[in-house]
Amino acid sequence: MITSSFIYVTALLVIAASLKLLETNTRWRLFEYLPAIVSLYFVVMLCSTFGVWEKTEEINNAYKMLRNNLLPAMIFLMLLDADLRQIKQLGGRMLLAFVIAAVSIGIAFVIAFTVFQGYLQPGAWKTLAALSGSWMGGTGNMVAIQLALDVPDSSMGYTLLIDSIDYAMWVMFLLALVPHAKRFNRWVKADSQFLEKIGANIELDNEQGPVNAGGLLILLAIALLMSALAQSAAQLLPTSAYFTSTAWTVLIVTLAGVICAITPLAKIAGASQLSMLMLYLIIALIASRANFAELTQAPVYIILGLVILAIHALIMVVMAKWLKLDLFTCGVASLANIGGVASAPILAASYSKALIPVGVLMAMVGYIIGTGGGLLVGKILSFIAS
């Protein structure tokens, strides 16, 4: 049994690295349904269930120190790619579609939680708040909300179950709709000829230099400095039972990341690689506190996730008909929220390779609003639960 904090963290890194290498360098079909980051959660949780490490004071302190300091740094690095000047190039209709997708997801969470509340465990609103952050932005937003709302690590298993199983079904559904785009566009009377021009313009603005050690060190130092400054500033701000100093920390680094994304710092290559590395370690840390025996209501949560997606889809179709939004715009706006950078470009490419940058940039918008949107949904769900 592992009792040393150094060996504990090393073990988590080895598991994370092994799964990522398997996903990158093999054709193992498991990763089509459970991406490496989701597989990582369940592999580490399995180790925790069988007591591979003991939750000593030393390990508990290492867990808190790493999670609390790495998360703000990760959010800052993640947002360096979200340049508001580029986002403007998407145009009003694309941004409107994204906002509609995000709002419809929030509404779907509220309706579904109201219906299913009696079947869920106490405090389930926090679990769903974390999921809503993921489905409005990405996994980084999810772990930010988990920390801000102090969601139990054991409950995050439900979040990731929905986020992997239901999300995979949603991706397949949206890809299956691609051949029917022309028919859908005729039905809503949409015009999508301008999209490829937008994609080409965005691609020209996204060039960065090669990743190098010097650049990575600069980014790492600034990210950790921002994390420390945000935590210090958060201690000086007023708090409540809902909006804690941790929530302030997340908000401050989000704002700092958005501001720095329009500075020369964003041109240093490597921010996305560093933020992904931190995300893998944070997910492994969260999973190391969970246990399979605690996932007793998994089927209910999976059905709940499907109901949320169905409500979201219905609202999107109604708004597409009303505003004459084409299927590409609706689909990528939806997947930019629910799937983020990992899948929105894939759906965009299925329409045209020239549209891949549009998918990437739409997902970047999700990074900006995901944490705030998830916290807002959580606040509404907490009122319903009380």
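Up top is the structure these notes are about.
Values in this document were obtained by computation on a predicted structure and should not be read as measured data.

A. Just the overall build of the chain, in detail. Of regular secondary structure, the chain possesses 18 helices and zero strands. Here the chain holds 386 residues, and the buried ones make up 54% of them. At a minimum sequence separation of 6, the contacts of the chain that also span at least 24 residues come to 85%. Here the chain displays about 17,000 Å² of accessible surface, and carbon together with sulfur accounts for 69% of that area.

B. Geometry of the packing of aromatic side chains. According to the stated counting rule, one finds five aromatic pairs in the structure shown. Relative to tyrosine 119, the ring of phenylalanine 116 lies with its centre 6.5 Å away and its plane at 65°, an arrangement referred to as edge-to-face. Under the relative-accessibility criterion, phenylalanine 116 is labelled buried at 14%.

C. A look at the nonpolar core. The biggest cluster of nonpolar side chains holds 127 residues, and the ones touching the most others in it are Tyr8, Leu40, Tyr41, Leu77, Trp135 and Val143. Of the residues forming this core, the biggest block, 12 residues, is contributed by helix 14 (residues 271-287). Discounting residues that sit within four places of it in the chain, valine 143 has contacts with Leu71, Met74, Leu279, Ile282, Ile283 and Ile286.

D. How the structure looks around unusual backbone geometry. A positive phi angle, near 55°, is found at aspartate 150, a position not held by glycine. With respect to the helices, strands and loops of the structure, aspartate 150 is situated in the loop between helix 8 (139-148) and helix 9 (156-177). Look at aspartate 150 and you get exposed, because its relative accessible area is 57%. For lysine 324, which is not a glycine, the phi torsion comes out positive at approximately 60°. Tracing the backbone shows lysine 324 in the loop between helix 15 (298-323) and helix 16 (327-338). In this structure lysine 324 comes out as partly exposed when scored by relative accessible area, which is 43%.

E. Broad picture of the packing of helix 1 (residues 5-25) against helix 14. The interhelical angle for the contact between helix 1 and helix 14, taken along N-to-C directions, is 120°, at an axis separation of 10 Å. Classified by the angle their axes make, helix 1 and helix 14 are oblique. Where helix 1 crosses over helix 14, the two elements pack in a sense that is right-handed. Contact with helix 1, carried on its side by Tyr8, Leu12, Leu13, Ala16, Lys20 and Glu23, involves Tyr280, Leu281, Ala284 and Leu285 of helix 14 and no other residues of that element.

Cut-offs and rules
- Residue indices follow the written sequence of each chain, beginning from 1 at its first position.
- In keeping with the model being predicted, local features are shown solely for residues with a pLDDT of at least 70 and side-chain atom pairs are shown and tallied solely at 80 or more, while totals for entire chains, interfaces and linings include all residues.
- Note that the side-chain values use all heavy atoms of the structure and ignore hydrogens as well as water.
- By the criteria applied, helices consist of DSSP H or I runs no shorter than four residues and strands consist of E runs no shorter than two, each listed in order from the N terminus.
- Each residue's exposure class comes from its accessible area (1.4 Å probe, protein chains only) as a fraction of the maximum for that residue type: buried when under 20%, exposed when over 50%, partly exposed otherwise.
- The contact criterion used is simple: two residues touch if any of their non-hydrogen atoms lie within 4.5 Å.
- Each accessible area is a Shrake-Rupley result for a 1.4 Å probe, and residues are judged covered by the shown protein chains and nothing else.
- Only the six-membered ring of Trp is used, alongside the rings of Phe and Tyr, when aromatic pairs are assigned; centres must lie within 6.5 Å, and planes under 30 degrees apart are stacked while those over 60 apart are edge-to-face, with the rest tilted.
- Residue types Ala, Val, Leu, Ile, Met, Phe, Trp, Tyr and Cys, when buried and joined through side-chain atoms within 4.5 Å, form a set referred to as a nonpolar core.
- For helices, the axis comes from a line fit to the C-alpha atoms of the stretch in contact; other axes are also lines fit to C-alpha atoms, and the angle between any two N-to-C directions lies between 0 and 180 degrees.
- With respect to orientation, any angle under 35 degrees is reported as roughly parallel, any angle over 145 as roughly antiparallel, any angle of 65 to 115 as roughly perpendicular, and every other angle as oblique.
- By convention, the crossing between two helices is left-handed when the near helix turns anticlockwise from the far helix through less than a right angle, and right-handed when the turn is clockwise.

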